[in-house]
Amino acid sequence: MTSPSSDPAEYLGTLSDVEPLKRAWRNEKAAPEILRFEEQLINRVSEQIQLMEGTVDDFNEKGADPLTVSLYQMDVDRTQFLLRSYLRIRLQKIEMYMFHILKKTELYEKLSEQEKIFVQRSAEDIMKHLDESVLLHLPDNYRSILKQFTASQEDEDDKEDGMVPEPPLDTFVVCKARDYIGPSEFQGNSNDSLTMDLPLEMERDDLSFIPYRRIQKLLEIGKVDLV
C-alpha cells in the first residue's frame, strides 16, 4: 500500500467530497423522511478520512510544524463529524419509522445493507419483546402493535396500520433550486389546498418555503437542496 503523501496539493485532493457530504447531510437533516443512502459518496469519504489520518500521522513522524498538523487534524475532525452525524440522523429516522420503512419497499430500498440488517433486527426484537411481555396476555383484538383496536370485527380486514408512525411529508421545508424549475415540475394538483403555496417557478439559487411533498421528487433527482 502506498504511504500517504505530505504534499498539500495531493492532500487537498482528498477533500473533494466534503462539499457533497455537507449537501447530503443538510438534505438528510432537513427532510422529514429517510433519503436514499449515498453509498458511493460515503465509501469515498471513509477512504479519504483514512488517507487524511495517515497524512497527519506522517506529519507527526516527520516532525512537521505543530500548527500545520493541527490544521490538518481539524479537517479530519470536521469530516468525521459530518459523516457520523449523517449516519446518526439516518439511524434516528430508521428507529422512528422502522415499521413504515419495512412496509414500503421503495423506502426499504433506500437503506444501506447495514441499515437493512439493523431495521430488520430491531423490528424483530421489538415484536418479540412485546409479544412475550404484553401482547400474549391481551385479548385477540389488542394483540397487534401495528393496528388500532376496532370493536367491529367486520372492519378487521380493512383497517390500516394506524399505530405505525409515518413521516410528515406535508411539513414545510426551505429548498434551494440548483437549476431552473418550471411550474409543471412541482408535485401537487389543483384540488389540493396546499397547491396555492407553490411557487410558479424557481430560478437557479432561488429559495422557497414549501411543503416537502411538493419537491420530494425534485430532491431525489438533485434539482433542489434543502437548507
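See the structure printed just above.
Residues numbered from 1 in each chain as written. Predicted model: local features only at pLDDT ≥ 70, side-chain atom pairs only at ≥ 80, totals over all residues. Heavy atoms only, no water.

Novice: Lay out the sheet that holds strand E3 (residues 224–226) with the relevant residues and their values.
Specialist: Across the sheet, which stays open at both edges, the three strands sit in the order E2-E1-E3 with antiparallel pairing between neighbours. With one partner strand each, in any of the chains shown, strand E2 (207–211) and E3 form the two edges of the open sheet. When strand polarity is set aside, the average angle formed by the axes of neighbouring strands in this sheet is 40°. Helix-sheet contacts for helix H2 (residues 18–30) involve strand E1 (172–177) and E3, and the interaxial angle to E3 is about 70°. (Pairing = 2+ DSSP bridges. Helix = DSSP H or I, 4+ residues; strand = E, 2+ residues; numbered from the N terminus. Axes fitted to C-alpha atoms, helices over the stretch in contact; angles between N-to-C directions. Contact = heavy atoms within 4.5 Å.)

Novice: Break down the nonpolar core for me, with residues and values.
Specialist: Counting residues in hydrophobic clusters, the biggest one holds 16 residues, and the most contacted among them are Cys175, Ile181, Phe186, Tyr212, Ile215, Val224 and Leu226. Contributions of two or more residues to this core are made by E1, helix H8 (216–220) and E3. Excluding anything up to four places from it in sequence, Leu226 contacts Arg26, Asn27, Ala30, Ala31, Val173, Val174, Cys175, Tyr212, Ile215 and Leu219. Formed by 13 residues, the second largest nonpolar core is a distinct cluster that contains Ile42, Val45, Ile49 and Ile89. (Core = buried A, V, L, I, M, F, W, Y, C linked by side-chain atoms within 4.5 Å. Buried < 20%, exposed > 50% of the residue type's maximum accessible area, 1.4 Å probe, protein only.)

Novice: I'd love a proper account of the pairing of E1, names of residues and values included.
Specialist: Because side chains alternate across E1, one face comprises the buried residues Val173, Cys175 and Ala177, and the other comprises Phe172, Val174 and Lys176, none of which is buried. As judged from the five bridges shared by E1 and E2, these two strands associate in the antiparallel manner. Bridging across to E2, Lys176 finds its partner in Leu207. The sheet contact formed by E1 and E3 spans three bridges and is antiparallel. Residue pairing for E3: Cys175 is matched across the bridge by Leu226.

Novice: For the side chain of Lys223, give the residues involved together with the corresponding values.
Specialist: Relative to the helices and strands, Lys223 is located in the loop between H8 and E3. Take Lys223: its relative accessible area is 19%, and that puts it in the buried class. Only 3.2 Å separates the side chain of Lys223 from the backbone oxygen of Tyr180, close enough to count as a polar contact. Contact partners of Lys223, with chain neighbours within four places excluded, come to Lys176, Ala177, Arg178, Asp179, Tyr180, Ile181, Glu185 and Leu218. (Polar contact = N/O pair within 3.5 Å; in protein donor to acceptor, adjacent residues only side chain to side chain.)

Novice: Kindly report on the packing of helix H3 (residues 39–61) against helix H4 (residues 66–96), identifying the contributing residues and their values.
Specialist: Running from amino to carboxyl end, H3 crosses H4 at an angle of 155°, the nearest separation of the two axes being 10 Å. One element, H3, and the other, H4, form an angle in the roughly antiparallel class. Two packed elements cross with a definite hand, and for H3 against H4 that hand is left-handed. Side by side, H3 and H4 meet where Ile42, Val45, Ser46, Ile49, Met52, Glu53, Thr55, Val56, Phe59 and Asn60 of the first sit next to Thr68, Val69, Tyr72, Gln73, Asp75, Val76, Thr79, Gln80, Leu83 and Tyr86 of the second. Here the residues of the contact of H3 with H4 sort into eleven nonpolar, seven polar and two charged. (Parallel < 35°, antiparallel > 145°, perpendicular 65-115°, else oblique. Left-handed = near helix turned anticlockwise from the far one by under 90°. Nonpolar A, V, L, I, M, F, W, Y, C, P; charged D, E, K, R; others polar.)

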